[in-house]
Amino acid sequence: MGQKFQAPKGVAEYTPPDSIEFLAVRNALAGAAQRAGYSYLELPIFEDTALYVRGVGESTDVVSKEMYTFDDRGGRSLTLRPEGTAGVVRSVVEHSLDRAGLPVKLWYAGPFFRAERPQHGRYRQFNQVGLEALGSSDPALDAEVIAVAVEGFAALGLTGYRLLLNSLGDTASRLEYRDVLTTFLATLDLDEATQARAQQNPLRVLDDKRASVQAQLVDAPLMADVLSAESREHHDAVRGYLRDLGIVWEDAPRLVRGLDYYTRTTFEFVHDGLGAQSAIGGGGRYDGLMAELGGQELPGIGFGLGVDRTLLACRAEGLAVGQTSRCDVFLIAMGDVAKTRIMTAAASLRAASVRTDIAFDGRSLKGSMRAADKSGAKLVAIVGEAEVEADTVNIKNLVTSDQVSVPTGDLVQEIQEMLNT
Ligand code: HAM
């Protein structure tokens, strides 16, 4: 007896037909980025651990508690990527992508890893479609990034989400805010670990999910109170563009994101049909990250959209996503000569971009028809002894039950016509 295995705990795994829906969601989100002039970047799944410590921030939950870190055989510390932005910026600096004209606009997709407690919508291996634009401070770019996400969701028919928007200010206003917040936090009744955190990175405390902490934060000073004139102007301009685009948002003065690199514009998309893990995507500006990671001082902005959660949101809204049939035509042969015929026919149909599958293992006509039904094909093409003799193919429309016999040479054209009607 062989040993049976299970996938590791908390990974998002998709088998058909769920996997087809998953791909459709990923493609819809990525399609919006491609249509807005973002070029594809294929990034490594693991990077130097220090990249994340430096880029994402040591005091974040992501870096301090959730990274999958290991030593490789050469003793280097590597980490499975918990997010995409640090890797993109590393790649832009390493390959001088910022020399080719600004802004540099890039998108990426794939698995990310965080050792979180698994629950509905929260996985240890999950998937994002993300994009980053480096080298422009134009508030129109902030609005574009948000609009691309909105278009991706719209392509799926998704409507039940809200866009939360905030500004975290520039470095100067952040420092000022930090001081005000630290003074405020010192007056609260917090446990030792949280007090230490308040000293190290007070903004993180605002992100604390515990009700006992949140209750004490009701009167916390807001970033909006100390925003510099420049940050405020930028934020107003972003909101102006969003208004012009007809994108509805909610001002969320308490929105702090879980990663340390954010400056100025920050946003999150939350879906109310998902329960606790309601964020289907988020992002913002990170104007200091490029310089922090050894590049020239260029501003940046981007988003990461959760493919897994967006799929759950589509389901919560009862939306059908993706094409769940595996093929359009199913070919059945009765006998060896016929088998060769259908193999050739399948090759011609596939070359003409018709999704085609065939019956294997010489099953009975009845068994093969059952397989055809299961495949979701609209048409079945059968070659038996009589058809071999007459050099024809018998095509049956499974939707209307109509049948026609066509010369083998006309098969591809006939099938294309029948699929288009
Ligand atoms: P993030 O908010 O950490 O941002 O993640 C983006 C999205 O990934 C979340 O809104 C959520 O949909 C999904 N996600 C995160 N963790 C999990 C999980 N454990 N299970 C399922 N889905 C999850 C970032 O990662 C930034 N890099 C986004 C960004 C790009 N900011 C600027 N540029």
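Residues numbered from 1 in each chain as written. Predicted model: local features only at pLDDT ≥ 70, side-chain atom pairs only at ≥ 80, totals over all residues. Heavy atoms only, no water.

1. Details of the overall build of the protein
Scanning the protein for helices and strands turns up 16 helices and 16 strands. Along the longest, intermediate and shortest principal axes, the C-alpha atoms of the protein span 90 × 60 × 40 Å. Taking all 421 residues of the protein together, the buried fraction comes to 51%. Restricting to contacts in the protein with at least 6 residues of sequence separation, those with at least 24 account for 70%. A total of about 20400 Å² of accessible surface is found on the protein, and carbon and sulfur atoms cover 50% of it. The average position of the 43 basic charges and that of the 57 acidic charges among the side chains of the protein differ by 5 Å. (Helix = DSSP H or I, 4+ residues; strand = E, 2+ residues; numbered from the N terminus. Buried < 20%, exposed > 50% of the residue type's maximum accessible area, 1.4 Å probe, protein only. Contact = heavy atoms within 4.5 Å. Areas by Shrake-Rupley, 256 points an atom, 1.4 Å probe, with all protein chains shown as cover. Lys, Arg positive; Asp, Glu negative; His and termini not counted. Charge placed at Lys NZ, Arg CZ, Asp CG, Glu CD.)

2. A word on the sheet that holds strand S7 (residues 161-167)
The eight strands lie next to each other as S1-S5-S6-S11-S10-S9-S7-S8, forming an open sheet whose pairing is mixed. The sheet is open, and its two edges are formed by strand S1 (39-40) and strand S8 (250-251), each paired on a single side. Note: S7 against strand S9 (residues 263-271), seven bridges, orientation antiparallel. Along S9, the bridge assignment pairs Ser167 with Thr265. (Pairing = 2+ DSSP bridges.)

3. As for the domain arrangement of the protein
With domains assigned, the protein is organised as domain 1 (18-170 + 228-316) and domain 2 (329-415). Taking only C-alpha atoms into account, the centre of domain 1 sits 47 Å from that of domain 2. (Domains from an automatic or database assignment.)

4. Points about the packing of aromatic side chains
This structure, assessed with the given rule, holds 11 aromatic pairs. Seen from their ring centres, Phe46 and Phe70 are 6.2 Å apart, and the 80° between their planes marks the pair as edge-to-face. In this pair, Phe46 sits in strand S2 (residues 46-48) while Phe70 sits in strand S3 (residues 68-71), placing the two residues 24 residues apart along the sequence. You can call Phe46 partly exposed: its relative accessible area is 44%. By relative accessible area, which is 34% here, Phe70 ends up partly exposed. (Phe/Tyr/Trp six-rings, centres within 6.5 Å; stacked < 30°, edge-to-face > 60°.)

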